[in-house]
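# Chain and residue survey
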Amino acid sequence: MGTILLCALTLALAVFALTRKRLLWGVIGVGVHSLALAGVYLFLAAPDVALTEAAIGFGLVTFVYLLALRRGGRLVVAATAAYPLLYPDGEKIAGLEWEILSRFGRSLHRDVEILWVPRAEIPRLLSSAEADLAAGGFLPRDGERALLSSPLVPTRLVIVRTGEGPLGAVKGDRGESHLPPNGRTYEDHEALVRALARGELGGAVVDLLRARQWLLDGRLRDAEMTPLEDVAFRFAVAPAQGETHAALEEFLRDLSSTGELGRLVEEHLR
Amino acid sequence: MAACALAIALVGLGFWTLIRRRNVIWKLLGLNVAAGGAILFLVAIAHRPGAHPAIVGLGPGPTADPLPHALVLTAIVIHFATLALSLVYVIVLTERRHSQDVHKLEEDR
Amino acid sequence: MKWAAPMAVLGIVVLVAVGTWSLFPRPEVPPWEEATAVWGAENAVAAIVLGARLWDTLFEILVYAMAMVGVRLVLRPLWRTGSVPPLAETPLLRRAADVLLGPIVVFSVYLAASGHLGPGGGFPAGALLGSGLLLLALAKGADRLGGELHEPALERGEYGAIALLLAVGGGVLFFGWKGGSLCVGLNFLIAVEVAIGAWVVLHQFTRTRGEV
């Protein structure tokens, strides 16, 4: 009699587990079903089998499924640190672009992973598909082969003059294309601003956001700024990832139409 | 007997899930249940009416046949190892193709 | 084509059901007391698994180890850069690990040691130990535990256990070893092998995620 009841329970659990919509419930249901199955083995005079089935079917198999339940894989973003758009904050990452990227990742069911690289590396990483997206105060250069998203935050390219001397820019950045022949390039914005502060340079071609940040932080004294051109920060998508680009465009459209994008820009950039 | 009927039902249920679900992990779960059904079948065959486990000193009376138990023990452990390896391939597939849906995976890129 | 799936499943079920029918009447249970007396184990299943069909068990362990090697190999390029943050340090998880880890280890040693005298044996003991290790990893953080459990030593332990198992199997085959202590030794080696293999799989899986 007990056998029949336990068999009915096991069957009910199996039916329940395999007809769930969410995968998580299915995995847990199959785990509990294994436990009931181990009970049936006990009734069938097979204690060794029951022990083994309980330990492996209920313990290890459920664990292994739970650890393998990933969502859609990774979304690898090659980025340069750019306060307040995308920057590491202790153990975590923060910024306007990080908010947008993590929401985008959640909508695609993918984990976002950031690779911090110098600006000059980004085109190579995108075309070799080692990275899916580029971010971090990204200003596209003319002739860049990536798929660009719609503009996120409008800004402009300025020349910051602190004195006499050559101009500098970050290698690979849009500012580099505006440098005169005697201009110098640096690996990242940190090196650039340090050279400016030391007086090695007379100025830099950089975007307004960073220039303002340098002034606010007090890293430059009396600099004068002349605007060069109006640009906008965007995301760049690897050329092979057309689907991701379409999904990103749709996501940004939804974000701006509900006003959420404006709210996030307010929150992070004011 | 009830256990045999349950085993047959589990095999049917497991294969149904294996065929009809689109997500790769659901298919693996169906295979898991079907394997459980097959193992239950073997253990149910080994059982005799009113039997006790085949251990010396557990008293007189009919005993369950110990040979299928031994075969099944190995089968359970190997099933776990195979499951771990196939989940590894599911993980790699998810990383490369960003989808666990079989229809999407079968499209030509 | 729409009916293909139900027809296939029906076909399989009918096949299995017809197979069942052919089993009745049931044959007699073969005399297993002699086997237990010969191999020095009181549990008939242990006498078969560790005695009469020892080489089946050894090759099964080899297959298990091969699967673990495959898991390690295939997942190596997918490790995440940077460390894996531990699961939220809930007091419940730590308390559960504190309370449960002792009984788990003791019970698994008991299962392995008394596998030839009663139900149990190397396989459930190893699986239980592996689950216990995972519980510890959940409570402590997979990275910390992975760092503390020196990985090359674990690998050496795993392959050493397999080598010892094969050596003992050879002894049984060529020199006719048998007895209760042989069963205990085999059970312990099997438990070590299964536990380390399970831990390797779980650890590799956690290394490819952003969190545990």
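The shown structure was predicted, so the numbers you read here are calculated from the model rather than taken from an experiment. (Residues numbered from 1 in each chain as written. Chains lettered and ligands numbered in written order. Predicted model: local features only at pLDDT ≥ 70, side-chain atom pairs only at ≥ 80, totals over all residues.)

### So, the overall build of chain B
Across its full length, chain B carries four helices and zero strands. The linear arrangement of helices and strands in chain B, starting from the amino end, is α-α-α-α. Relative to its length of 109 residues, chain B is extended, with a C-alpha radius of gyration of 19 Å against a globular reference of 13 Å. For chain B, the spread of C-alpha atoms along the principal axes amounts to about 65 × 25 × 15 Å. The buried share among the 109 residues of chain B stands at 54%. By sequence separation, contacts in chain B at least 24 residues apart represent 46% of the contacts at least 6 residues apart. (Helix = DSSP H or I, 4+ residues; strand = E, 2+ residues; numbered from the N terminus. Rg over C-alpha atoms; globule rule 2.2 N^0.38 Å. Buried ≥ 20, exposed ≤ 12 C-beta atoms within 10 Å, placed from the backbone. Contact = placed C-beta atoms within 7 Å.)

### Some remarks on the overall build of chain A
Check the secondary structure of chain A and you find nine helices and 11 strands. Whereas a compact globule of 270 residues would reach a radius of gyration of roughly 18 Å, chain A reaches 27 Å, over 25% beyond that. Principal-axis analysis of the C-alpha atoms places the extent of chain A at approximately 95 × 35 × 35 Å. The proportion of buried residues among the 270 residues of chain A is 43%.

### Comments concerning unusual backbone geometry
Residues and elements named next belong to chain A. With a phi close to 60°, Ala45 is a non-glycine residue in the positive phi region. Take Ala45: it is sitting in the loop between helix 2 (23–43) and helix 3 (47–68). Overall, the presence of 25 C-beta atoms within 10 Å leaves Ala45 in the buried class.

### A word on the nonpolar core
Core analysis: the biggest nonpolar cluster contains 119 residues, and Val64 of chain A together with Ala7, Leu40, Val43 and Ala84 of chain B have the highest contact counts within it. The element best represented in this core is helix 9 (residues 180–207) of chain C, accounting for 16 residues. Excluding residues that lie within four positions of it along the chain, Val43 of chain B makes contacts with Tyr41, Leu44, Ala46 and Val49 of chain A together with Pro68, His69 and Val72 of chain B. In this structure, Leu86, Trp98, Phe104 and Ala146 of chain A belong to the second largest nonpolar core, which totals 31 residues. (Core = buried A, V, L, I, M, F, W, Y, C linked by C-beta atoms within 7 Å.)

### Examining the interface of chain B and chain A
Chain B puts 38 residues into the contact, and the matching count from chain A is 35 residues. Per-element tally for the side of chain B that touches chain A: the top contributor is helix 3 (residues 66–97) of chain B, with 13 residues. In terms of residue class, the side of chain B that touches chain A is made up of 26 nonpolar, 11 polar and one charged. (Nonpolar A, V, L, I, M, F, W, Y, C, P; charged D, E, K, R; others polar.)

### Looking at the interface of chain B and chain C
With 33 residues of chain B in contact, the opposing surface of chain C contributes 38 residues. Among the secondary structure elements, those contributing two or more residues to the side of chain B that touches chain C are helix 1 (2–20) and helix 3 of chain B. For the side of chain B that touches chain C, the per-class residue count stands at 23 nonpolar, six polar and four charged.

### Side note on the environment of Thr206 of chain C
Residue and element names in this part refer to chain C. Its place among the elements puts Thr206 in helix 9. Take Thr206: there are 22 C-beta atoms within 10 Å of it, and that puts it in the buried class. The spacing of Thr206 and Pro91 is 115 residues in sequence and 21 Å in space, taken between C-alpha atoms.

### Regarding helix 6 (residues 122–140) of chain C
Residues and elements named next belong to chain C. Spanning 19 residues, helix 6 covers 27 Å between terminal C-alpha atoms, matching the ideal 27 Å at 1.5 Å per step. With 17 of 19 residues buried, helix 6 is to be regarded as a mostly interior element. Taken from the residues just after helix 6, Gly141 is the one with a positive phi, measuring 100°. (Expected span 1.5 Å × (residues − 1).)

### Structural notes on the pairing of strand 7 (residues 153–161) of chain A
Residues and elements named next belong to chain A. Two strands pair when backbone bridges link them, and strand 7 and strand 11 (residues 224–237) are joined in this way by nine bridges, in the antiparallel orientation. Of the residues in strand 11, the one forming a bridge with Val153 is Phe233. Pairing between strand 7 and strand 10 (residues 203–207): five bridges, direction antiparallel. Among the inter-strand pairings, Val158 is bridged to a residue of strand 10, identified as Val206. (Pairing = 2+ DSSP bridges.)

### Describing the confidence of the model for chain B
Summary statistics for chain B give a mean pLDDT of 86 and a share of 98% for residues scoring 70 or more. Across chain B, element-level confidence peaks in helix 2 (residues 24–46) of chain B with a mean pLDDT of 92 and bottoms out in helix 4 (residues 102–106) of chain B with 78. (pLDDT = per-residue confidence, 0-100.)

### Looking at the domain arrangement of chain A
Split by domain assignment, chain A resolves into domain 1 (2–68), domain 2 (74–150 + 232–269) and domain 3 (153–231). Inter-centroid distance (C-alpha atoms) of domain 1 of chain A to domain 3 of chain A is 65 Å. (Domains from an automatic or database assignment.)

### Some details on the packing of helix 3 of chain A against helix 6 of chain C
Relative to each other, helix 3 of chain A and helix 6 of chain C sit at 30°, their axes nearing to 9 Å. In terms of their interaxial angle, helix 3 of chain A and helix 6 of chain C are classed as roughly parallel. Judged by the sense of rotation from one axis to the other, the crossing of helix 3 of chain A with helix 6 of chain C is left-handed. Contacts between helix 3 of chain A and helix 6 of chain C involve Leu51, Thr52, Ala55, Ile56, Gly59, Leu60 and Phe63 of chain A from the first element and Phe123, Pro124, Ala127, Leu128, Gly130, Ser131 and Leu134 of chain C from the second. Within the contact of helix 3 of chain A with helix 6 of chain C, the residues separate by chemical class into 10 nonpolar, four polar and no charged. (Axes fitted to C-alpha atoms, helices over the stretch in contact; angles between N-to-C directions. Parallel < 35°, antiparallel > 145°, perpendicular 65-115°, else oblique. Left-handed = near helix turned anticlockwise from the far one by under 90°.)

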